[in-house]
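Listed below, chain by chain, are the residues.
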Amino acid sequence: MAIAVKQKDTTLIADSYTLSGIIFSAIGNFSASENKMKQALQLYSKTKDTINILTTKANLYRLKRYKNRKLVQDTVISNIIIKLKNLHSHKYFKIKKEYLQYLFEDEKFPELVKNANEWLQDFTNFKFNDNEEEYKKDYINNVKPACLALMAYGLIETQKFQDGNKILNQSQIKNYLYRKSNVDQLAQDKEISAFCFYKTKYFLSQQTKSDSLKYYLNNYNKYNNLFYTNFQDKFRTTTTNFVENQNKIKLLSIENQKNKDIAEKSKVISIITLFCVFILIILILILYRTFVFRKRTNIILENKNKELLSIDKERNRFFSVVTHELRTPIYSIKGLTHLLLEESKSDDNKVKGYLKSLNSLGELLYSLTNNLLLYAKFNLGESNVRRNEITLRQFINKTIQSIAFENEIIIEIDQDVWDYVIVDKIKLSQILINLVSNAIKFSNKEPINLTIKNIFQDENICQLKFSVKDSGKGISIEKQKAIFEPFNKNEDNTLDVAGTGLGLYIVKNILKLYDSKIQIHSEIGKGSEFSFELILEKYLKPEEEKEFPLDGLKILVVDDNKLNLMITKKIVESANAICQTTNNGFDAINLTKNNQFDLILMDVHMPNIDGLEATRQIRKFNKNIPIIALTAVDFETNHQTILESGMNDIVSKPFTNNYLYERISYYCE
């Protein structure tokens, strides 16, 4: 520090403060560490050293977690990680690995798996500079295996046992766990114990390989006991040193009056004693957290594994069957309505009004279906967020038009709100449809206000506030908490309210996926206002939507539902394609053998030979023909299974015609 001050080197001074902060953190003096880090941040800001600014902010975030985890938000560290990635800095991988550990500690396992995948993809594509070989070696040998292990733990916690076990079997993880150089033995025992615990959990899920189960269970107990034994040894050593140092302090204090040199030695021993106290406190905290973890683990292993296996099997079957059965008739309703609107030559506005109302009812039925499916998924802890690029204003108008009947919906969007953002469009439409539908029910044909305001934005991220306001009867404070519970309606004896009572429950749980909350402001007789905030990413303005003519393409459509078959054929032929149809997988195989098709649209659920098996048979003699799953099965649950059968892509029903044309054109170029 003295050399840095003498040379008046701002960056070197800031580095000295950072090092001091790290040392104070290691001995448990978090307040002093935070002060040093803040001083370093001020100096880095003067030099405009962006990378060091971001890493220092990440260190401050870690300190706040140590103090009180509930007071910190994941969005802070997420923004830091995104900016480090954009700066192409290798420090991005170190900070994001710490973020994966935070997600594991907070039991956010789906988000852990997603972020670990991103880490591995980014690391594969990252090019280190020639002077960064030591960092690269450390990442490959230590950081990457640790990230893989955390990803595997997250997969097993989300019931994806095979995927998690496949990762745990990789040699680089075992080499990392059983490394012999630069090892903190206490930390290594804890890591091996966690590895054996999740291997045990995997073999319990398979109900086979009793020898392997016994092996990993024994090793879990072995290393867990080693951890406790080593911890207790350190605890006793630290305690002994503490007592011995206290005695030395007393002796030195007596002699302090006689000799100033001895007094100086006493100060040194006092500092050592203080350090031992801090280490003792840290070890006690580690022991407590490990005890809680072990207790929870034993309960899970003893009481829950058989139950979880049974739920896992029934869950996948439930989503596949129910999704198909509910969405298939909705696709027929929406498809027929669209064809009637397209081909109707009548100028009778009344007839067209009926058709538009029918189309809106189809949208509401689709929304209700999604509510029921989301309710089931939330109960099973199996819903996640997808990334779709949307044009916000166009998306909002289209979503609101699908549900507005007699009420006027007034839409107000700030001018500086970005139009091109990335969001899960299905889940955002579910939020808006549920909130606006509720407002319509209680507003007695009065106008509804939907506003979108810009709260914050930088180069890549914006924070938007959405609010839906009505002038209905209002909700009392006593009932405001209850309305977010499933199957709960805000109703009284004078008003019969339709609906399932799932809308606000779905909204609340979708927003949890975005680390956001639904807010309510309501007064009896003055109406209600529901609002929420989302942090969204920006994407570049897309090209203008273009048409995708399919002139002359020969397409085979396979679907066991005759009505769906007719609708899909009509949609394909309206783009000037040549369409042939069949209602079963056996004929689809034979037709493909004896004809030259450019593409196949294949349903998944069919009697006898389903779409998956038909695709496997076709791939035996034709590996090049594009096959698109045109199906109503649940996308999230069945995505991997469908692609593994040999299909190229999935288009979920109901869909827009232009989207189907675009996917066909993409594979037939």
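Because the structure is a prediction, the values reported are computed rather than measured. Within any chain, residue numbers begin from 1 and follow the written order of that chain's sequence. Since the coordinates come from a predicted model, pLDDT governs what is reported: local features require at least 70, and pairs of side-chain atoms require 80 or more to be given and counted, while whole-chain, interface and lining totals use all residues. Just so you know, side-chain values use all the structure's heavy atoms and leave hydrogens and water out.

### A closer look at the sheet that holds strand S12 (residues 649-652)
Strand-to-strand pairing in sheets goes through backbone hydrogen bonds, with the strands running parallel or antiparallel.
And then number 1: By this definition, two strands are paired if DSSP reports at least two bridges between them. Only DSSP runs of H or I reaching four residues or more are called helices, and only runs of E reaching two or more are called strands; each is numbered from the N terminus. On the basis of which strands lie adjacent, the open sheet formed by five strands has the order S9-S8-S10-S11-S12 and parallel pairing. One side of each edge strand has no neighbouring strand; the edge strands of this open sheet are strand S9 (578-582) and S12. Ignoring which end each strand starts from, the neighbouring axes of this sheet average 25 degrees apart.
And then number 2: As defined by bridge partners, strand S10 (residues 599-602) adjoins strand S11 (residues 627-631) across three bridges and the pair is classed as parallel. Considered in S11, the bridge of Leu-601 is made with Ile-628.
And then number 3: Strands in contact with helix H22 (residues 611-621) are S10 and S11; relative to S10, the strand with the most contacts, it is inclined by about 155 degrees. Axis angles are defined between N-to-C directions and span 0 to 180 degrees, where every axis is a line fitted to C-alpha atoms and, for a helix, only to the segment in contact. Contact definition: two residues touch when any of their heavy atoms are within 4.5 Å.

### Here's the deal with a nonpolar patch on the surface
And then number 1: Together, Tyr-288, Phe-291 and Val-292 make up a nonpolar patch on the protein surface, roughly 340 Å² of accessible area in all.
And then number 2: For Tyr-288, the position within the fold is in helix H13 (residues 260-303). Excluding any residue in a salt bridge, patches collect residues exceeding 30% relative accessible area, merging like charges within 9 Å and nonpolar Val, Leu, Ile, Met, Phe, Trp and Tyr side chains within 5 Å. Each accessible area value is a Shrake-Rupley result obtained with a 1.4 Å probe; residue values ignore everything except the protein chains displayed when judging cover. Throughout this description, the term salt bridge denotes a Lys or Arg side-chain nitrogen within 4 Å of a carboxyl oxygen of Asp or Glu.

### Thoughts on the side chain of Asp-122
And then number 1: Inspection of the secondary structure assignment puts Asp-122 in helix H7 (residues 109-125).
And then number 2: Given the relative accessible area of 16%, Asp-122 is considered buried. Note on classification: 1.4 Å probe, protein chains only; a residue is buried when its accessible area is under 20% of the maximum for its type, exposed when over 50%, partly exposed between these limits.

### A look at helix H9 (residues 161-168)
And then number 1: Taken as a whole, H9 has its buried residues at Phe-161, Gly-164, Asn-165, Ile-167 and Leu-168. Down the axis of H9, the buried side of the element spans an arc of 160 degrees, and every buried residue falls inside it.
And then number 2: Buried residues along H9 sit against helix H8 (133-157), helix H10 (171-177) and helix H11 (185-206). By definition, the arc is the one covered by directions from the helix axis to the C-beta atoms.

### Concerning the pairing of S10
And then number 1: The alternating pattern of S10 places Leu-599 and Leu-601 on one face and Ile-600 and Met-602 on the opposite face, and all of these are buried.
And then number 2: Strand direction decides the pairing type here: strand S8 (residues 554-558) and S10, joined by four bridges, are parallel. Paired with Val-557 across the bridge in S10 is Leu-601.
And then number 3: When the strands point away from the viewer and the connection leading from the first strand across the helix to the second strand turns clockwise, the crossover is called right-handed. Read from S10 through H22 to S11, the crossover connection turns out right-handed.

### Overview of the packing of aromatic side chains
And then number 1: Two rings from Phe, Tyr or Trp (for Trp, the six-membered ring) form a pair when their centres are within 6.5 Å of each other. A pair whose planes differ by under 30 degrees is stacked, one over 60 is edge-to-face, and the rest are tilted. This structure, assessed with the given rule, holds 15 aromatic pairs.
And then number 2: Plain terms: the ring middles of Phe-466 and Phe-532 are 4.9 Å apart, the flat faces sit at 5 degrees to each other, and that makes the pair stacked. Of this pair, Phe-466 sits in strand S5 (residues 461-469) while Phe-532 sits in strand S7 (residues 527-538), and the two are 66 residues apart along the sequence.
And then number 3: For Phe-466, a relative accessible area of 0% translates into the label buried.
And then number 4: Of the residues examined, Phe-532 reaches a relative accessible area of 2% and is grouped as buried.
And then number 5: Feature note: the residues Phe-104, Phe-109, Tyr-153, Phe-197, Tyr-198, Tyr-220 and Phe-293 constitute an aromatic cluster, connected by ring pairs.
And then number 6: If you follow Lys-538 out to its NZ or CZ, it ends over the ring of Trp-418, 4.9 Å from the centre.
And then number 7: Sitting above the plane of the Phe-597 ring, Lys-554 keeps its charged end 5.3 Å from the centroid. Working rule: Lys NZ or Arg CZ, within 6 Å of ring centre, within 35 degrees of ring normal, means a charge sits over the ring.

### Some words on the nonpolar core
And then number 1: Nonpolar core, defined: a set of buried Ala, Val, Leu, Ile, Met, Phe, Trp, Tyr and Cys residues in which side-chain atoms within 4.5 Å join the residues together. In this structure, Ile-77, Tyr-153 and Phe-195 are the most contacted members of the largest nonpolar core, which totals 54 residues.
And then number 2: Tallying contributions element by element places H8 first for this core, with 12 residues.
And then number 3: Counting residues in hydrophobic clusters, the runner-up holds 41 residues, among them Ile-448, Phe-484, Ile-506 and Ile-510.

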